[in-house]
Structures are given as structure tokens and as C-alpha cells.
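# Results of the structural survey
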Amino acid sequence: PTRKNKMKRDMELIRKILFTIEDQYHPGEGQIQCLKVEGYDLKTIAEHCNLLFQQGLITNYIASWGDDTIQTFLIGNLSSRGYDYLELIRNDQVWQKTTDEIKNKKLPQTIEEIARVAGIFTGQVIKELNS
């Protein structure tokens, strides 16, 4: 029997998806079809969009299946929570420090933990800017 590849959650892809939605979503148009992110296949992007929907970071997720695989998918805009999360991880320096800290301290790679650590680093950046 052939073995299917297992999907692992990719927090870098999640960040790229959020930026792409922010860039491509047009108010009043409702949905984005088959969002593309360079370097990733349709199935991987679709599954990560589903994770974002489950976490409440995007407003809609509908997938169309055929032959036991995703053929197409539609997503909505970022939710208010999605915009808040994106603001925490927007700065490249904060993102790098956050991912390094999580890796070095072997913290869980969850959206909540990344938001918590990024919030600490964002606060430090703001203090540095104000001093």
C-alpha cells in the first residue's frame, strides 16, 4: 500500500496566508477562491485555511472534494481575531524573535502561544521606539 504524506501544521504558511488574505480580499466580494501561496500546493494551503477557520481567524471556509482530494476551496476575509493576530506577528523582527524563542524553549507551536510570545516582543519593540 502506498503511504500518504502526513500534514504538519506550518506556522510560516499560516502567517503567509493571513498576509495574502489581507492583500487580496476585497470588501463586498465575499470570498477568495483557491488562495495561492508561492511554494505550497493547493491541498496544503486548503488544509491550513481550514485550520485558520477552526481557530476563528478567517470568516469562511468551504471545500469541494472529488476523488478523495480537495478540488477547490473558498475562504472569507480575516475575522477581527485574525486581524488582531496578524498585527501581533506582522513585524518581521518580532516574528523571527518569536519563532526563535518558541523553538529554543521548546514551547508549543500554537496560535495562542505564538500570540503570547509575539505580544511580549511587540511590547519590547514599542518600548524601544518610545525611549
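Residues numbered from 1 in each chain as written. Predicted model: local features only at pLDDT ≥ 70, side-chain atom pairs only at ≥ 80, totals over all residues. Heavy atoms only, no water.

## Re helix α3 (residues 80–89)
Rule in force here: The buried label applies to any residue whose accessible area, calculated with a 1.4 Å probe on protein chains only, is under 20% of its type's maximum; exposed applies above 50%, and partly exposed to all values in between. Per the convention used, a helix needs a DSSP run of H or I reaching at least four residues, while a strand needs a run of E reaching at least two, with both numbered from the N terminus. Picture the helix axis, draw a direction to every C-beta atom, and the arc is the one those directions span.
Three or more residues of α3 are buried, namely G82, Y85, L86 and I89. Take α3 and look down its axis: the buried residues cluster within an arc of 100°, on one side only. Across from the buried face of α3, at angles greater than 90 degrees, the exposed residues are S80 and D84.

## Quick look at the pattern of salt bridges
The test is simple: Salt-bridge detection follows one rule: a side-chain nitrogen of Lys or Arg within 4 Å of a carboxyl oxygen of Asp or Glu.
This structure, assessed with the given rule, holds six salt bridges. R90 is the salt-bridge partner of E87, the closest N and O atoms lying 2.7 Å from each other. The exposure class of R90 is partly exposed, given its relative accessible area of 27%. Look at the salt bridges and you will find they share partners, linking E22, E87 and R90 into a network.

## Structural notes on the sheet that holds strand β2 (residues 61–66)
Rule in force here: Should DSSP find at least two bridges between two strands, the strands are taken to pair. Residues count as neighbours in contact if any of their non-hydrogen atoms are within 4.5 Å of one another. Think of each axis as a best-fit line through the C-alpha atoms, taken over the contacting stretch in the case of a helix, with angles from 0 to 180 degrees between the N-to-C directions.
Spatially, the three strands line up as an open sheet ordered β1-β3-β2, and their pairing is antiparallel. Two strands in the sheet have a free side with no partner beyond their single neighbour: β1 (32–33) and β2. Across six bridges, the pairing between β2 and strand β3 (residues 69–75) is antiparallel. By the bridge assignment for β3, Y61 is matched with I75. Across the sheet, helix α2 (residues 42–54) is in contact with β2 and β3; its angle to β3 comes to roughly 50°.

## Regarding the environment of S79
Counting through the fold element by element, S79 comes out in the loop between β3 and α3. Apart from the residues lying within four places of it in its own chain, the contact partners of S79 are G56, L57, I58 and T59.

## What to know about the confidence of the model for the chain
For clarity, the cut-off: Confidence scores labelled pLDDT are given residue by residue by the predictor and lie between 0 and 100.
Summing up the model confidence of the chain, the mean pLDDT is 90 and the portion of residues at 70 or higher is 93%. Mean pLDDT across the secondary structure elements of the chain bottoms out at helix α5 (residues 111–130), with 83, and peaks at helix α1 (residues 11–24), with 96.

## Re the environment of E113
In plain terms, the rule: In protein, a polar contact means a hydrogen-donor-capable atom and an acceptor-capable atom, both N or O and within 3.5 Å, with residues adjacent in sequence counting only if both atoms are side-chain atoms; elsewhere, any N or O pair within 3.5 Å suffices.
Position of E113 relative to the elements: it lies in helix α5. In this structure the C-alpha to C-alpha distance between E113 and Q24, which are 89 residues apart in sequence, comes to 27 Å. If we ignore the near neighbours within four places in the chain, the residues touching E113 are I102, L107 and P108. In this structure the side chain of E113 is engaged in a polar contact, spanning 2.7 Å, whose partner is the side chain of R116.

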